[in-house]
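Listed below are the residues making up each chain.
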Amino acid sequence: MPAPNAAPSTAGRPAADPGGAAVTLERVTKQYGRVTALDNVSWSFRRGSFTAIMGASGSGKSTFLHCASGLDRPTSGRVRLGDTDLGRMKEAQLTRLRRDRVGFVFQGYNLVPSMDVERNITLPLFLGGRTADPRWLTEVVHRVGMAERLAHKPAQLSGGQQQRVAVARALVTRPEIVFADEPTAALDPRTAGHVLRLLREAVDATGQTVVLVTHDPTAAAWADSALFLSEGRIVDELAAPTAATVLTRWETL
Ligand SMILES: Nc1ncnc2c1ncn2[C@@H]1O[C@H](COP(=O)(O)OP(=O)(O)OP(=O)(O)O)[C@@H](O)[C@H]1O
Ligand SMILES: [Mg+2]
């Protein structure tokens, strides 16, 4: 059994209304050999909420997103997407579920090198046998500022441009939940603002759920709440974060 969490908040918060949870983690531990990347984490993300996850490098943020999204399986504990228990699903079912219900912006972008920008963005639709809503596709492409680059291959793009393609790919299916792993790390403040506004609107306009990993207090201020991870545990939550309150909390972590 994993050790119980030291901080009371780490034990997490059961969803006030379980039907209202987009994703629920119950006592999730992820072990890589002797490294405990996630340590008995329980948390529930309300549908239509925007949460920022912060923490030092190596604190387990990417591992948290990978386990919460079904990209990786926890060593122990349970993850539910809505009412679906991911642990009970076979690999192929999990792949389909991720493709149809989850958007993921990878920290390393994970674009397909041989495909141009447009194909990369529409890949999740193509794999799911769906066609793009042309108006939404055009809007997403414009909003991330990639309309002039649709025929370029990833190697012909800057890091920030690749990152924006990765954001567009995660949003194009209008997934129930978007997990974004430092999606603005390579962007200038203005372009970062465009991407964050797009994520905020996904929550406000269409009730999607967004979980954003970031090191940037300004980015976290777009969220409804900020979670702080330390050594694989959730050690604090800050409601209605501002850049200033995040920075203050960060300094005392
Ligand atoms: N595939 C893996 N194999 C072995 N160890 C891993 C693996 N993935 C992550 N870890 C370890 O788990 C811990 C948490 O890593 P994780 O990538 O989740 O951190 P992070 O908070 O996302 O860091 P960063 O801010 O640098 O992206 C680290 O100690 C890391 O070395
Ligand atoms: Mg990471």
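Just above, that's the structure.
Residues numbered from 1 in each chain as written. Chains lettered and ligands numbered in written order. Predicted model: local features only at pLDDT ≥ 70, side-chain atom pairs only at ≥ 80, totals over all residues.

Enquirer: Explanation requested: the overall build of the protein chain in the structure shown.
Expert: Each helix and strand in the protein chain was counted, giving eight helices and 10 strands. Here the C-alpha atoms of the protein chain give a radius of gyration of 18 Å, agreeing with the 18 Å that 2.2 N^0.38 yields for 253 residues. For the protein chain, the C-alpha atoms occupy an extent of roughly 50 × 45 × 35 Å along the three principal directions. The buried share of the protein chain, taken over its 253 residues, is 43%. Sequence separation of 24 or more characterises 70% of the internal contacts of the protein chain that already satisfy a separation of 6 or more. (Helix = DSSP H or I, 4+ residues; strand = E, 2+ residues; numbered from the N terminus. Rg over C-alpha atoms; globule rule 2.2 N^0.38 Å. Buried ≥ 20, exposed ≤ 12 C-beta atoms within 10 Å, placed from the backbone. Contact = placed C-beta atoms within 7 Å.)

Enquirer: Would you explain the site of ligand 1 in this entry?
Expert: Contacts to ligand 1 come from Y32, V35, A37, G55, S57, G58, S59, G60, K61, S62, T63 and Q107. Where the shell around ligand 1 is concerned, the elements lending two or more residues are strand 2 (35–46) and helix 1 (61–68). Ranked by the residues each element gives to the shell around ligand 1, the list is headed by helix 1, at three residues. Split into classes, the residues belonging to the shell around ligand 1 amount to three nonpolar, eight polar and one charged. (Near = placed C-beta within 6 Å. Nonpolar A, V, L, I, M, F, W, Y, C, P; charged D, E, K, R; others polar.)

Enquirer: So what exactly am I meant to see when it comes to the packing of helix 3 (residues 117–127) against helix 5 (residues 159–171) here?
Expert: Packed helices, taken two at a time, are described by their axes: the angle between them and the distance between them. Across the interface, helix 3 lies against helix 5 with an axial gap of 7 Å and an inter-helix angle of 35 degrees. For the pair helix 3 and helix 5, the crossing hand works out as right-handed. Residue-level inspection shows V117, N120, I121, L123 and P124 of helix 3 in contact with helix 5, the latter providing V165, A168 and R169. Along the lines of polarity and charge, the residues of the contact of helix 3 with helix 5 split into six nonpolar, one polar and one charged. (Axes fitted to C-alpha atoms, helices over the stretch in contact; angles between N-to-C directions. Left-handed = near helix turned anticlockwise from the far one by under 90°.)

Enquirer: Would you explain the sheet that holds strand 10 (residues 233–239) in this entry?
Expert: Either a parallel or an antiparallel arrangement is found when strands of a sheet pair, and the pairing is made through backbone hydrogen bonds. Spatial ordering of the open sheet is given by 6-7-8-3-9-10, a layout of six strands whose pairing is mixed. Here the strands that pair on one side only, and so sit at the sheet edges, are strand 6 (102–105) and strand 10. On average, adjacent strands in this sheet sit at an angle of 15 degrees to one another, irrespective of strand direction. As paired elements, strand 9 (residues 225–230) and strand 10 share six bridges and run antiparallel to each other. Bridge pairing links L229 to I234 in strand 10. Contacting strand 3 (50–55), strand 7 (177–181) and strand 8 (209–213), helix 6 (residues 189–206) crosses the sheet at an angle of about 150 degrees to strand 8. Set on the sheet, helix 8 (residues 243–251) makes contact with strand 3, strand 9 and strand 10; between it and strand 10 the angle comes to about 150 degrees. (Pairing = 2+ DSSP bridges.)

Enquirer: How should the pairing of strand 3 be read in this particular structure?
Expert: Note on strand geometry: in a regular strand, side chains alternate between the two faces of the sheet. Buried residues dominate strand 3, accounting for six of its six residues. Here strand 3 shows a buried face lined by F50, A52 and M54 and a second buried face lined by T51, I53 and G55. Bridge count between strand 3 and strand 8: four bridges; the pairing is parallel. Across the sheet, F50 pairs through a bridge with V210, a residue of strand 8. By the bridge criterion, five bridges tie strand 3 to strand 9 in an arrangement that is parallel. Residue pairing in the sheet places A52 in a bridge with A226 of strand 9.

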